[in-house]
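# Architecture at a glance
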Amino acid sequence: PIYLALIVWLVSAVAIASWLQKSAQPPGLFPLTRTPRKMISMMLPLLPGHIYYIFSGLAPVLALGFNGEAQELADFWALGRLGLIVSGLAPLIYYVAHPYVSRGGAKYFARRSFTVLVLASLFALAISVSGMLFPELWLLLIGEKYTHLGRFVWIGLGVSGLQLFTDTFYRMIIAGGETRY
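Residues numbered from 1 in each chain as written. Predicted model: local features only at pLDDT ≥ 70, side-chain atom pairs only at ≥ 80, totals over all residues. Heavy atoms only, no water.

### Quick notes on the overall build of the chain
Summing up its helical and strand segments, the chain has 9 helices and 0 strands in all. Residues counted as buried form 28% of the 181 residues belonging to the chain. As presented, the chain carries roughly 12600 Å² of accessible surface, and 72% of it is formed by carbon and sulfur atoms. (Helix = DSSP H or I, 4+ residues; strand = E, 2+ residues; numbered from the N terminus. Buried < 20%, exposed > 50% of the residue type's maximum accessible area, 1.4 Å probe, protein only. Areas by Shrake-Rupley, 256 points an atom, 1.4 Å probe, with all protein chains shown as cover.)

### Regarding the side chain of Asp-75
You can see Asp-75 is positioned in helix α5 (residues 70-87). An unpaired buried charge is present at Asp-75: no salt bridge exists, and Lys-145, the closest side chain of opposite charge, is 7.6 Å distant. Only 2.7 Å separates the side chain of Asp-75 from the side chain of Gln-71, close enough to count as a polar contact. Among all residues touching Asp-75, those that are not within four sequence positions of it are Tyr-146, His-148 and Leu-149. (Lys, Arg positive; Asp, Glu negative; His and termini not counted. Salt bridge = Lys/Arg side-chain N within 4 Å of Asp/Glu carboxyl O. Polar contact = N/O pair within 3.5 Å; in protein donor to acceptor, adjacent residues only side chain to side chain. Contact = heavy atoms within 4.5 Å.)

### Considering helix α7 (residues 105-133)
One full turn of an α-helix is made of 3.6 residues, so residues set three or four places apart face in the same direction. An ideal rise of 1.5 Å per residue puts 42 Å on 29 residues; α7 measures up with 40 Å between its terminal C-alpha atoms. Its maximal kink placed at Arg-111, α7 deviates by approximately 30 degrees. Among the residues of α7, Phe-109, Arg-112, Ser-113, Val-116, Leu-117, Ala-120, Ala-124, Ile-127, Ser-128, Ser-130 and Gly-131 are the ones counted as buried. (Expected span 1.5 Å × (residues − 1). Bend = angle between axes of the 7 residues up to and from the residue.)

### Section: the nonpolar core
One recurring pattern in soluble globular proteins is that nonpolar side chains are buried together. Within the largest apolar cluster, 12 residues are counted, these being Ala-78, Leu-79, Leu-82, Val-86, Ile-127, Trp-138, Leu-139, Ile-142, Tyr-146, Leu-149, Val-153 and Leu-157. Those elements giving two or more residues to this core turn out to be α5, α8 (135-139) and α9 (153-179). By residue number, the principal contributor to this core is α5, which donates 4 residues. Excluding its chain neighbours within four sequence positions, the residues that come into contact with Leu-139 are Tyr-146, Thr-147, Leu-149, Gly-150 and Val-153. (Core = buried A, V, L, I, M, F, W, Y, C linked by side-chain atoms within 4.5 Å.)

### Here we look at the environment of Asp-75
Assessed through its relative accessible area of 12%, Asp-75 is described here as buried. Considering only alpha carbons, one finds Asp-75 and His-148, 73 residues apart in sequence, at a separation of 9.3 Å. Looking at Asp-75, its side chain comes within polar contact range of the side chain of His-148, at 3.0 Å.

### Here we look at the packing of aromatic side chains
Scanning the model with the defined rule gives 0 aromatic pairs in all. The aromatic ring of Tyr-100 is capped on one face by Arg-112, whose charged end is 4.5 Å from the ring centroid. (Phe/Tyr/Trp six-rings, centres within 6.5 Å; stacked < 30°, edge-to-face > 60°. Lys NZ or Arg CZ within 6 Å of the ring centre and 35° of its normal.)

### Section: α5
The end-to-end C-alpha separation of α5 is 25 Å, in line with the 26 Å expected for 18 residues at 1.5 Å each. Among the residues of α5, Asp-75, Ala-78, Leu-79, Leu-82, Gly-83 and Val-86 are the ones counted as buried. All buried residues of α5 lie within an arc of 150 degrees about the axis, which places them on one face of the element. Across α5 from its buried face, at more than 90 degrees, point the exposed residues Ala-70 and Leu-84. (Arc of directions from axis to C-beta.)

Set out below in structure tokens:
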């Protein structure tokens, strides 16, 4: 079954890519005729994050699919649902932190970015610690079937908190490009 899922994923990715290549016209950079160097220099630090996001969901599923049991895969996805709850807080980054940092201009950029990053790291730490101290409360959200995962809750929440922190850092890089800091 895992081979079939992998084949379906690959075929659908190729089909979507070929369809997009034929049907979607790339947006023009009017009035620019070629990609500006400043845009490339701003995008290069973001590349590792994009590569991580491409493979982060697929790698564990394939590893568990080839080497694990169905219950282990279900446990992995159950902990992933806890991560979705934390990820649901990401719009705060987009609608609060990013404008807060961008509107200050270059003069206040470093101080505001540092403040936002410290708050994001404290929040990520608090989420992970809450998973250590009160795993049963978090397990209420995913159901009785997964009560045996209590000792892993903090790890799942810690990874999600880390992702929230890296998303915040990513937004600070984008805000830096907007403020030309």
